[in-house]
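Here are the chains, one letter per residue:
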Amino acid sequence: MPLPALGSWRQAANVCGFTIEPVLRDAGIATFDMQTPLRVAPMHLYKAFSMCVERAKGHHFPFALGDSFVFEHFAEFEAFIASCATLREMLEMAGWARDLLAPWLVVHLDEFGAEAHLRVEMKVPDPDPHALCHVREVALSAINQLIRRATKGSRWLLSVRVASMPPSHQQQFVDHFGVPVFFGEAADALVMDRRWLDMPLNTFVPELHSQARQMIERRLNREVGERSLVDEVRWALERRPELLRDGLEATAAALSLHPRTLQRRLQAEGFKYVDVQSQAKCQRAQTMLKRRAISMESISVELGFSDRRAFTFAFKRWTGLSPSAYRDQLGLSTR
């Protein structure tokens, strides 16, 4: 897997009072090529994290690394951040970063009423649970730092949710993020006021933004190959939930495609738009149903159904369970 931003590791180690090169060498990671991001075996990455945590003095290394993170070797990412008009737009970068930098890291955007949750999911085969917790800490810290930078240091964060039980350094979580931190949660997530997603960030300069996007797409085509359109549609539907209420035309416009082009290209990949949208609605419904305080009526409206009955019929067709039965299965009350 990639080891992006080696310079960030070096800076974080300096903050924590040690030198990174001997640690990486002892972990089996060679740093002779500084021109491209390193690629290392997962076990070596986990070992390096554990060793850095042990050597750190006065600081928690994962938080120092998250605070130091920059897109080394990827200037187009920095240009994209600087030219984004909103956080919602900036979050498109998460999919590109996964393709180019961290294939094991998935960032989901979940919107619940007045809140938005940036949920971090780690897709790593056979992980070391202890070492993986440090990787998750870096991810949460780095995302927080990037958004703070984009919002000019604004206090956008409301709380932090952590899936693991309280660690020995739980007070460092509170000190680092400066907001309430809840452990033993269903997922790792950063929670914000939903209004932040669409607040203006910068004076929008379409030319600069377009240039940054084109540079990223060229790099993706060069290093990853042409991405499937169905994945772009799925990400658009997750990042912009209002598209779940609209038809193919709205999604095509969001992807800067003609509706017939979107339909034709999806069919060439073996998909129909209505099926992709239904799958996204099902995933969104399951996420919302896990929140006790969200009513069936609210979910129905969010997903574009005419009423609760229509939503119930569709959810049962998707999963074989009614929404109420799905909540009962999770041990949640139906409000």
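Residues numbered from 1 in each chain as written. Predicted model: local features only at pLDDT ≥ 70, side-chain atom pairs only at ≥ 80, totals over all residues. Heavy atoms only, no water.

**Regarding the packing of aromatic side chains**
Aromatic ring pairs are reported here in terms of the distance separating the ring centres and the angle at which the planes meet.
Now for step 1: Scanning the model with the defined rule gives 16 aromatic pairs in all.
Now for step 2: Aromatic pair Phe74 and Phe77: ring centres 5.6 Å apart, planes at 65°, arrangement edge-to-face.
Now for step 3: Residue Phe77 is classed as buried on the basis of its relative accessible area, which comes to 0%.
Now for step 4: For the ring pair Phe315 and Tyr326, a centre distance of 5.5 Å and an interplane angle of 75° mean the geometry is edge-to-face. Here Phe315, found in helix α16 (residues 308-319), pairs with Tyr326, found in helix α17 (residues 323-330); they are 11 residues apart in sequence, far enough to count as distant.
Now for step 5: The structure contains a cluster of three or more aromatic residues connected by ring pairs, namely Phe305, Phe311, Phe315, Trp318 and Tyr326. (Phe/Tyr/Trp six-rings, centres within 6.5 Å; stacked < 30°, edge-to-face > 60°. Buried < 20%, exposed > 50% of the residue type's maximum accessible area, 1.4 Å probe, protein only. Helix = DSSP H or I, 4+ residues; strand = E, 2+ residues; numbered from the N terminus.)

**Let's talk about the pairing of strand β7 (residues 188-193)**
Now for step 1: In terms of residue burial, β7 counts as a mostly covered element, since six of its six residues are buried.
Now for step 2: Direction of pairing for strand β4 (residues 115-122) relative to β7: antiparallel, over a ladder of six bridges. What sits directly across from His117, in β7, is Val191.
Now for step 3: Bridge count for strand β5 (residues 157-161) against β7 is four bridges, and the pairing is antiparallel. Looking across to β7, one finds that Ser159 is bridged to Val191. (Pairing = 2+ DSSP bridges.)

**Observations concerning helix α1 (residues 6-15)**
Now for step 1: Burial in α1 covers these residues: Leu6, Ser8, Trp9, Ala12 and Ala13. Each buried residue of α1 sits inside an arc of 155° when the element is viewed along its axis, so together they form one side.
Now for step 2: Gly17 sits one or two residues past α1 and shows a positive phi near 85°. (Arc of directions from axis to C-beta.)

Interpretation note: all reported values are geometric properties and have no functional meaning in isolation.
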